[in-house]
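# Observations on the model geometry
Letter by letter, the chains look like this.
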Amino acid sequence: MSFLLPKLTSKKEVDQAIKSTAEKVLVLRFGRDEDPVCLQLDDVLSKTSSDLSKMAAIYLVDVDQTPVYTQYFDISYIPSTVFFFNGQHMKVDYGSPDHTKFVGSFKTKQDFIDLIEVIYRGAMRGKLIVQSPIDPKNIPKYDLLYQDI
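Please read all numbers here as calculations on a predicted model, not as lab measurements.

Here a ring pair, both rings aromatic, is described through the centre-centre distance and the interplanar angle of the planes. Taken as a whole, this structure holds eight aromatic pairs when the rule is applied. A centroid spacing of 6.0 Å and a plane angle of 15° characterise the contact between Y69 and F73, whose relative ring orientation is stacked. Like F73, Y69 is buried. Every member of this aromatic cluster is reached through a ring pair, and the members are F30, Y69, Y72, F73 and F84.

Shown next, in the form of structure tokens:
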């Protein structure tokens, strides 16, 4: 389903999307088109994109084509989903140590829709971090790896 969503293939395109997406949540899915978990997430994103079109703009970003952002957001697991609003990086407290991105695929379309609504409402009130509405058992668990410390 990744062919249904627009792709950003360079740092310049990602920069432009971050700067130009106004009054909507910008959803950037970092991953690879051929990865099975990325395909599962892309299916959820593509099925919800029309429902969320007034609240969110969804783009796919290949981790191999944008190494600057892959390193900046510390994308060590794919897929990772990062959120912005009016050029500001939105953080979400998932109950995990990392609030900067969602790692893995959403279990249901409703989980993703609920998260976008919470980010959108929080951002409209000026918040830069919001509490995740997703049931903790539906959030993938992973360990943070610190290299070269």
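Take L45: it is sitting in helix α2 (residues 36-49). The exposure class of L45 is buried, given its relative accessible area of 0%.

The next subject is the pattern of salt bridges. Scanning the model with the defined rule gives six salt bridges in all. As a salt-bridge pair, D15 and K11 come within 2.7 Å of each other at their nearest N and O atoms. Taken together, the residues span about one helical turn, with D15 and K11 both in helix α1 (residues 11-20) at a distance of four residues. Exposure remark for D15: the relative accessible area of 17% places this residue in the buried category. For K11, a relative accessible area of 38% puts it in the partly exposed group. A network of salt bridges, in which partner residues are shared, links K7, R29, D33 and D42.

A few words now on the nonpolar core. If you look at the biggest cluster of nonpolar residues, it comprises 27 residues, and the most contacted ones within it are F83, F106, F112 and I116. Those elements that place two or more of their residues in this core are β2 (25-31), α2, β3 (56-62), β4 (80-85), β5 (88-93) and α4 (109-124).

As a further point, take the side chain of H89. As for its position among the elements, H89 is in strand β5. By relative accessible area, H89 is classed as buried at 15%. Engagement of the side chain of H89 in a polar contact is seen with the backbone oxygen of T100, the distance being 3.0 Å. Beyond its immediate sequence surroundings of up to four residues, H89 is in contact with F73, V82, F83, F84, T100 and L128.

Rules of the game
Residues numbered from 1 in each chain as written. Predicted model: local features only at pLDDT ≥ 70, side-chain atom pairs only at ≥ 80, totals over all residues. Heavy atoms only, no water. Phe/Tyr/Trp six-rings, centres within 6.5 Å; stacked < 30°, edge-to-face > 60°. Buried < 20%, exposed > 50% of the residue type's maximum accessible area, 1.4 Å probe, protein only. Helix = DSSP H or I, 4+ residues; strand = E, 2+ residues; numbered from the N terminus. Salt bridge = Lys/Arg side-chain N within 4 Å of Asp/Glu carboxyl O. Core = buried A, V, L, I, M, F, W, Y, C linked by side-chain atoms within 4.5 Å. Polar contact = N/O pair within 3.5 Å; in protein donor to acceptor, adjacent residues only side chain to side chain. Contact = heavy atoms within 4.5 Å.

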